[in-house]
Amino acid sequence: MLKVQLVGENGASARARARKRLAAAVKGLPRALREDLVSGAVGPPPGERPGWLIWQPAIVLVLGLGALLLMIVTVNNLAFGVFRGSGMQLALLLGGAQSLALVVAAFRPVAAWWMAMAVMIAVVVVMELAAVREGRHPWPSGGPTAIMESLVDRGGLYPWTGAGLATQGGVLLLLALRHRFRAAAGALVVTVLVGLMCGAGAVRFGAPLQVSAIGLSTAVLTIAVVVGAALRGRQVARTELVVQEGITEEERARRALLEERNRIARELHDVVAHHMSVISIQAQVAPHLAENPSDALKENLGGIRANAVEALTELRRVLGVLRSEEAPAYGAPEYAGDGTAPHAPQPTLDRLDELVGNVRAAGVTVTTDVTGRQRPLSPGVELSAFRIVQEALSNAMRHAPGARVAVAIAYRSAALTVRVTNTAPDRPVAPSPGAGHGLLGMRERTAMLGGELATGPTPDGGYEVTAILPTGAPAPGPAPSAHPPTDSSEDTTP
Amino acid sequence: MTTPIRVLIADDQVMVRQGFTVLLDAEPGIEVAGQAVDGLDALDKAAELAPDVVLMDIRMPGLDGIEATRRLTEAAGSAVKVLVLTTFDLDEYVYEALRAGASGFLLKDASAAELAQAVRVVAAGDALLAPNITKRLIAEFSRMTAAPRAPLKDRVGELTERETEVLSLIAQGLSNAEIAGRLVVAEQTVKTHVSRILVKLGLRDRTQAAVFAYETGLVRPAGY
């Protein structure tokens, strides 16, 4: 952010607005750094927890081993090597702290970064103090010649040690991985600046100025940050993609549910509309059946007819809306091929044989078993039972080719049980994308009637669908042979 | 009315069949000749009873009303008129029914008077049924952007200028009397024109003439 603004400032030849923005950015810089590098050190990294965190134990192990190695090198350096001068205890303390920073970076990158910074400063201070104590430091009063003559080799990367640079690089990499780019960039800049200051201080004390060392160190640290930031960017993009995919999946499921409900609503309204039109006809017919219909009777029947016609008008409007939601036109063969012609009335259980016959014609072995006192049920139950059998048969054909299918319909006193089972398929089937859609419809239809639906695999590798649909009390009297039952719509409510 | 109009009622719901039978039998000049329970039954009964008009439901098990209508009206030498009766006045239904050869389209909740009137109009064939159906027809055809079929177009050429004029007025839903008024001729002259048009174009009735007029693009729906 800041960088972009700086570039903008340079390129835009000091426009007032750009200046203001820069001023704001500069003013905001301490706050931003404080936010990123102080608050961030305390709390957990903001944002999502990336997926690779499940590897954290392994990462910590690797870091721990690396840290141990670096610690040995550092302690060796501080105690005996070119940095000699500090005592063994101090060497262990600094080396230990520096190595620990690398491990801590896996959990709290910003805190680890502070640790690494502190160790770097401490090493330089200890180094220079030791040099002074041992008289290896030429005081500036000694003049340039003295300085030149008493150069002390402090290693090629001074003010960093090799191990120190590796630690800082690692810490910055982890920081860039876990925190936004602004924080990583800020940390990088601060690291390099502090390194330069330490170097400058050391030079003042007599150490040689090694421009190449500073360049190399800066390059290593920058690469660490860039790599970390790039990995993080990829991770963020992937996480977003996963989130998006999740949303799409959810959206699709919701859509499927709504489409299914829409279809159910359409079918039921359709059935109701047919009943309404029968009522309107019967209300007209009734006066003809009476010997001498009274005016009151005629008026009453006229009222029934008027209400039925009005209700039909409303129903047609509702159906118009429901149909417009439907993808295929009404005349299109919605169920063609699986038992229902486009211009056929809404099916009832009367047409079970026809449905099963169609499935048999497709080469599937289907047995049917109807038990209990067969009677016409309310249109909603009849339609739902038919559709459930239809969906279950269609699922069995799709997911269990070669399996034997058994359809069992049981008329009980207050419920209708529909059970469709199939044996295991005789060959493996690839899961088809349409899976689950049929079950959704069955569930919706059953729930609408206040019934129960159980679906799941059977022990023998097949599948079973059982629906219990409440029918209310059985209608008394012999059933009219014609479909659909026109006298039992009040049975719908359980 | 010397001989009554004989009607066959085809509907899969017994209540509807019985209801319409009672209502139509109560009308003077109309007689219910029989009932059919589905499309195939309707074909059988129509052959057996030779009714003037068949009241046809669309949604029936087995053979649906649209297909039954098509088979009935395509049968050579059949003069039977089909009046489609349905619960839903869907555009697709109207369109399909008329394309299949139906002479009229009515909703099941129509009043007894409307029903009787429709049967008489369809039987007489001198007017188009229900202007709103004509409007729908116009709307439906205007949605079709396909070019008029060539063989149909050729047949328009066989009509005289006057006959073409009459045909376009038929397609606008005008009755013979209205056309006579519009063209300032006698109604009998219009009747002659209409029957010549039907013969020349090989059409069943004025409803089918209207369908023809729209299909050939002879009449362009105004305002679309």
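Residues numbered from 1 in each chain as written. Chains lettered and ligands numbered in written order. Predicted model: local features only at pLDDT ≥ 70, side-chain atom pairs only at ≥ 80, totals over all residues.

S.K.: Would you mind going over the sheet that holds strand E5 (residues 463–470) of chain A with me for this structure?
M.R.: Adjacent strands of a sheet pair through backbone hydrogen bonds, lying either parallel or antiparallel. Residue and element names in this part refer to chain A. Taken in spatial order, the 5 strands line up as E1-E2-E3-E5-E4 in an open sheet, and their pairing is mixed. Each edge of the open sheet is held by one strand with a lone partner, namely strand E1 (365–372) and strand E4 (452–457). Neighbouring strand axes in the sheet, compared pairwise and without regard to direction, differ in orientation by 10° on average. Bridge analysis of strand E2 (residues 404–411) against strand E3 (residues 415–422) gives 7 bridges, and the strand direction is antiparallel. (Pairing = 2+ DSSP bridges. Helix = DSSP H or I, 4+ residues; strand = E, 2+ residues; numbered from the N terminus. Axes fitted to C-alpha atoms, helices over the stretch in contact; angles between N-to-C directions.)

S.K.: Which parts of the structure should I look at to understand the interface of chain A and chain B?
M.R.: Often the size quoted for an interface is simply the accessible area lost on bringing the parts together. Facing 25 residues of chain A, the contacting portion of chain B comprises 26 residues. In terms of residue class, the side of chain A that touches chain B is built from 14 nonpolar, 9 polar and 2 charged. (Contact = placed C-beta atoms within 7 Å. Nonpolar A, V, L, I, M, F, W, Y, C, P; charged D, E, K, R; others polar.)

S.K.: Even after reading the chapter, I still don't get the confidence of the model for chain A, so can you show me in this structure?
M.R.: The predicted structure's coordinates, where accompanied by low pLDDT, should not be read in detail. Looking at chain A as a whole, its pLDDT mean stands at 76, while 73% of the residues score no less than 70. Within the model, the stretch residues 477–494 of chain A combines pLDDT values under 50 with 32 contacts to residues more than four positions away or in other chains. (pLDDT = per-residue confidence, 0-100.)

S.K.: Explain the sheet that holds strand E2 (residues 30–36) of chain B here, please?
M.R.: Residue and element names in this part refer to chain B. The strand order E2-E1-E3-E4-E5 describes an open sheet built from 5 strands, whose pairing is parallel. Edge positions in the open sheet fall to E2 and strand E5 (104–107), since each of these has one partner strand only. Taking each pair of neighbouring strands and ignoring which way they run, the sheet shows an average axis angle of 25°. Where helix H2 (residues 39–49) meets the sheet, it contacts strand E1 (5–10), E2 and strand E3 (53–57), and its direction lies at approximately 135° from that of E2.

S.K.: What exactly am I supposed to notice about the pairing of E1(B) here?
M.R.: Consecutive side chains of a regular strand alternate in pointing toward one face of the sheet and then the other. Residue and element names in this part refer to chain B. For E1, the tally of buried residues reaches 5 of 6 residues, placing the bulk of the element in the interior. Here E1 runs beside E2; their pairing, made up of 6 bridges, is parallel. Within E2, the position partnered with Ile9 by the bridge is Gln35. Crossover E1 to E2 through helix H1 (residues 14–25) is right-handed. Pairing of E1 with E3 involves 4 bridges; the strand directions are parallel. Across the sheet, the residue bridging to Ile9 is Leu55, located in E3. (Buried ≥ 20, exposed ≤ 12 C-beta atoms within 10 Å, placed from the backbone. Right-handed = clockwise from strand over helix to strand, strands pointing away.)

S.K.: What's the story with the packing of helix H8 (residues 161–171) of chain B against helix H11 (residues 206–215) of chain B in this structure? I'm lost.
M.R.: A pair of packed helices can be characterised by two numbers: the angle between their axes and the separation between those axes. Residue and element names in this part refer to chain B. The geometry of H8 relative to H11 is characterised by a closest axis approach of 8 Å and an angle of 100° between their N-to-C directions. Taken together, the axis directions place H8 and H11 in an arrangement best described as roughly perpendicular. Where H8 approaches H11, its residues Leu167, Ser168, Ile170 and Ala171 are matched on the opposing element by Arg206, Ala209, Ala210, Ala213 and Tyr214. Grouping the amino acids of the contact of H8 with H11 by side-chain chemistry returns 7 nonpolar, 1 polar and 1 charged. (Parallel < 35°, antiparallel > 145°, perpendicular 65-115°, else oblique.)

S.K.: Sorry if this is basic, but what is going on with the environment of Gly95(A) here?
M.R.: All names here are of chain A. With respect to the helices and strands, the residue Gly95 is situated in helix H4 (residues 88–104). Gly95 gets classed as buried once you count the C-beta atoms within 10 Å, which come to 28. The spacing of Gly95 and Val75 is 20 residues in sequence and 5.3 Å in space, taken between C-alpha atoms.

S.K.: In this structure, what is going on with the nonpolar core? I would like to understand it.
M.R.: Note on soluble globular proteins: their nonpolar side chains tend to be buried together. In terms of nonpolar packing, the biggest core is built from 77 residues, with Val54(B), Leu83(B) and Val119(B) touching the most fellow members. Of the residues forming this core, the biggest block, 8 residues, is contributed by helix H5 (residues 112–124) of chain B. Each residue touching Val54(B), except ones within four places of it in the same chain, is listed here: Leu8(B), Ala10(B), Ala42(B), Ala46(B), Leu72(B), Val80(B) and Val82(B). Of all hydrophobic cores here, the second largest spans 42 residues; its members include Leu94(A), Val110(A), Leu165(A) and Ala183(A). (Core = buried A, V, L, I, M, F, W, Y, C linked by C-beta atoms within 7 Å.)

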